[in-house]
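Residue strings, one per chain:
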Amino acid sequence: MAKVKKQPRPKAITPKGFRDYFGAEVDERKHMLDQIAAVYHRYGFDALESSAVETVEALGKFLPDVDRPNEGVFAWQDEDDSWMALRYDMTAPLARVYAQHRNDLPAPYRRYAMGPVWRNEKPGPGRFRQFYQCDADTVGTSSMAADAEICALLADTLETVGIPRGDYLVRVNNRKVMNGVLEVMGVDEGPTRDAVLRTIDKFDKVGEAGVRELLGKGRLDASGAYIDGVGLSDDQAEPVIAFLTSKGATAAETLANLRAAVGDNAVGAEGINELEQIAELLDAQGYGPDRIEIDPSVVRGLGYYTGPVFEAELTFEILDEKGRPRQFGSVAGGGRYDDLVKRFTGQAVPATGISIGVDRLLAALRAKGRMGGKAVGPVVVTVMDKTRLADYQSMVSELRDAGIRAEVYLGNPKNFGNQLKYADKRNSPVAVIAGSDEFDAGKVQIKDLVLGAKIAESATLEEWKTRPSQFECDRADMVARVREIIEAEDG
């Protein structure tokens, strides 16, 4: 008889580019999502929860090859041979939803959506293949009031989740101005224009001199490697430099510099007029340049958007993995995209919106020490007498009914020390202790685990005597005394 080959045990490892999240991290994210949702809701946006799976055709950016879709999405072929994929972002699903249900939706349609998105890209430090996004979008209006509102919404959201004024900046630019600059340069659609846009995108890294070199013959990078340039003349490159360096001390000065950069180009002038409208609307609402500013150096995503673009940048410094100071950088981006719904309907539908990277925001707050402490665990009701389990369950019910998170120890109660070790591992604030003597006398023992740990660390004998970490009280007072300890520690 042939010997059956033993199946190897599966490896208990997280898939590459993914990670697991435990108690405190999940709680912190949920709290942040609730805060963001409250701001979105206050602004009049309605919640939308669309499918996490879309057809690859609906996603639009990625189409299947012979064997599988291009890199970027997690996709598979369904039984009817159609290609399906996990959503790459929240915007493409919105375009599909609006096109599908437009006759039943109000116009304009204002929606927000929150949840995970998946990208089949190479993972790296702090870069995962699954992460959360929080989007707010207005579909069906070309008014710049919608774009100004998105900027205000973004500023309010950042402050609500704990990023104070002065630690962030919402920067605004316009794709039309860039298009005007490209037309002034005489650069048509094609490889050269794409190369110019890629070069502009490096402005933050290489500065004005680096962009000049890359638009011309090329430059040596930090590693000593030579990077070929676009091959433009100095005169051709000058409008790009004027555009990128046009930021002035005030919005009016910046707009004047931009007008000089685009000259009499109609497309560029239209973009500048839109920026001027946004600046006026924000000023009327009290959003000054300390919170939102016009900044022509915002070029990320310009290929995707059709009008104004927005980026929220955190301006404070953190230490990188090598201990070097650096600015935290961008946590949100968005803009006007008037062509996505058109893919489905054939008719242009104006739209604008923002996407906030929740995991980036959480990382920022942890880096600043504003989040990331241990989550407070439940009150643990210990078990001293297995025959009185119903009484212990009654006690924990009283605590829960009073809104206090609590549990009965369900492990082996034989070793009482293990019960207290369990409570410590759960980061429990309080342990409730009662044996036969306490039950007969109508008493319970309350052990303040947080205070006990502090006393063990540094308290003198006299301090320990005046502030005991364990005391006895009447059973009837149990809930009130536990609440006192928890509230004192929260305060």
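Anyway, here's the lowdown on the structure attached to this text.

**Regarding the overall build of the protein chain**
Then step 1. Looking only at helices and strands, the protein chain has 18 helices and 18 strands in total.
Then step 2. Within the protein chain, the fraction of its 491 residues that count as buried is 45%.
Then step 3. Within the protein chain, contacts between residues at least 6 apart in sequence are counted, and of these 67% link residues at least 24 apart.
Then step 4. Accessible surface computed for the protein chain: about 26,100 Å², of which carbon and sulfur atoms make up 49%.
Then step 5. Side chains of the protein chain give 63 positive and 77 negative charges; the mean places of these two sets differ by 7 Å.

**Description of the packing of aromatic side chains**
The geometry of an aromatic ring pair is captured by two quantities: the separation of the ring centres and the angle between the planes.
Then step 1. Applying the stated criterion across every chain yields a total of five aromatic pairs.
Then step 2. With centroids separated by 5.3 Å and ring planes inclined at 65 degrees, the aromatic side chains of tyrosine 392 and phenylalanine 439 adopt a geometry described as edge-to-face. Taken together, the positions of tyrosine 392 in helix H13 (residues 389-401) and phenylalanine 439 in helix H15 (residues 436-441) put the pair 47 residues apart, joining distant regions of the chain. Each member of the pair, tyrosine 392 together with phenylalanine 439, is buried.
Then step 3. Taking NZ or CZ as reference, arginine 29 lies 4.5 Å from the ring centre of tyrosine 21, over its face.
Then step 4. The ring of tyrosine 88 carries arginine 119 above its face, with NZ or CZ at 4.2 Å from the centroid.

**Looking at the pairing of strand S6 (residues 130-139)**
Then step 1. Counting buried positions along S6 yields seven of ten residues, so the element is predominantly enclosed.
Then step 2. Examined bridge by bridge, strand S5 (residues 109-118) and S6 share ten bridges and lie antiparallel to one another. Within S6, the position partnered with tyrosine 109 by the bridge is valine 139.
Then step 3. Pairing of S6 with strand S13 (residues 351-357) involves seven bridges; the strand directions are antiparallel. Across the sheet, the residue bridging to cysteine 134 is isoleucine 356, located in S13.

**A few points about the sheet that holds strand S2 (residues 53-55)**
Then step 1. Within the open sheet, the three strands sit side by side as S2-S4-S3. Their pairing is antiparallel. In this open sheet, the two strands that pair with only one neighbour each are S2 and strand S3 (75-77). Taken over all neighbouring pairs, the strand axes of this sheet differ in orientation by 30 degrees on average, direction set aside.
Then step 2. Sheet topology note: the S2/strand S4 (residues 83-86) ladder contains three bridges and is antiparallel. Across the sheet, the residue bridging to threonine 55 is methionine 84, located in S4.

**Some remarks on a negative patch on the surface**
Then step 1. On the surface, Asp78, Glu79, Asp80 and Asp81 cluster together into a negatively charged patch.
Then step 2. With respect to the helices and strands, the residue aspartate 80 is situated in the loop between S3 and S4.

**Considering the environment of threonine 306**
Then step 1. Along the chain, the position of threonine 306 falls in the loop between strand S10 (292-294) and strand S11 (308-319).
Then step 2. For the pair threonine 306 and lysine 30, spaced 276 residues apart in sequence, the C-alpha separation works out to 33 Å.
Then step 3. With residues near it in sequence (within four places) discarded, threonine 306 still touches Arg175, Lys176, Arg336, Tyr337, Asp338 and Asp339.
Then step 4. A distance of 3.1 Å separates a polar atom in the side chain of threonine 306 from the backbone nitrogen of aspartate 338.

**Structural notes on the sheet that holds strand S17 (residues 443-448)**
Then step 1. The sheet built from five strands is open, its strands ordered S15-S14-S16-S17-S18 with mixed pairing. With one partner strand each, in any of the chains shown, strand S15 (406-408) and strand S18 (470-474) form the two edges of the open sheet. Taking each pair of neighbouring strands and ignoring which way they run, the sheet shows an average axis angle of 25 degrees.
Then step 2. Sheet topology places S17 next to S18; five bridges connect them, and they run antiparallel. Among the inter-strand pairings, lysine 443 is bridged to a residue of S18, identified as aspartate 474.

**Here we look at the packing of helix H4 (residues 144-161) against helix H10 (residues 266-284)**
Then step 1. Here H4 crosses H10 at 55 degrees, and the two axes come no closer than 9 Å. Classed by the angle they form, the pair H4 and H10 counts as oblique. You can see that H4 and H10 cross each other, and the crossing is right-handed. Touching Met144, Ala145, Asp147, Ala148, Cys151 and Ala152 of H4 are Glu274, Gln277, Ile278, Leu281 and Leu282, all from H10.
Then step 2. Residue composition of the contact of H4 with H10, grouped by class: eight nonpolar, one polar and two charged.

**Concerning unusual backbone geometry**
Then step 1. A cis geometry characterises the amide bond from alanine 107 onward to proline 108, with omega recorded as 0 degrees.
Then step 2. At aspartate 81, a position not held by glycine, the phi torsion is positive, near 75 degrees.
Then step 3. Aspartate 81 gets classed as exposed once you look at its relative accessible area, which sits at 56%.
Then step 4. Its identity is not glycine, yet asparagine 427 carries a phi of approximately 55 degrees, on the positive side.

**Side note on the environment of alanine 252**
Then step 1. Relative to the assigned elements, alanine 252 resides in helix H9 (residues 251-262).
Then step 2. The class of alanine 252 is exposed, set by a relative accessible area of 57%.

Thresholds applied
Residues numbered from 1 in each chain as written. Predicted model: local features only at pLDDT ≥ 70, side-chain atom pairs only at ≥ 80, totals over all residues. Heavy atoms only, no water. Helix = DSSP H or I, 4+ residues; strand = E, 2+ residues; numbered from the N terminus. Buried < 20%, exposed > 50% of the residue type's maximum accessible area, 1.4 Å probe, protein only. Contact = heavy atoms within 4.5 Å. Areas by Shrake-Rupley, 256 points an atom, 1.4 Å probe, with all protein chains shown as cover. Lys, Arg positive; Asp, Glu negative; His and termini not counted. Charge placed at Lys NZ, Arg CZ, Asp CG, Glu CD. Phe/Tyr/Trp six-rings, centres within 6.5 Å; stacked < 30°, edge-to-face > 60°. Lys NZ or Arg CZ within 6 Å of the ring centre and 35° of its normal. Pairing = 2+ DSSP bridges. Axes fitted to C-alpha atoms, helices over the stretch in contact; angles between N-to-C directions. Patch = residues over 30% accessible without salt bridge, like charges linked within 9 Å, V, L, I, M, F, W, Y side chains within 5 Å. Salt bridge = Lys/Arg side-chain N within 4 Å of Asp/Glu carboxyl O. Polar contact = N/O pair within 3.5 Å; in protein donor to acceptor, adjacent residues only side chain to side chain. Parallel < 35°, antiparallel > 145°, perpendicular 65-115°, else oblique. Left-handed = near helix turned anticlockwise from the far one by under 90°. Nonpolar A, V, L, I, M, F, W, Y, C, P; charged D, E, K, R; others polar.

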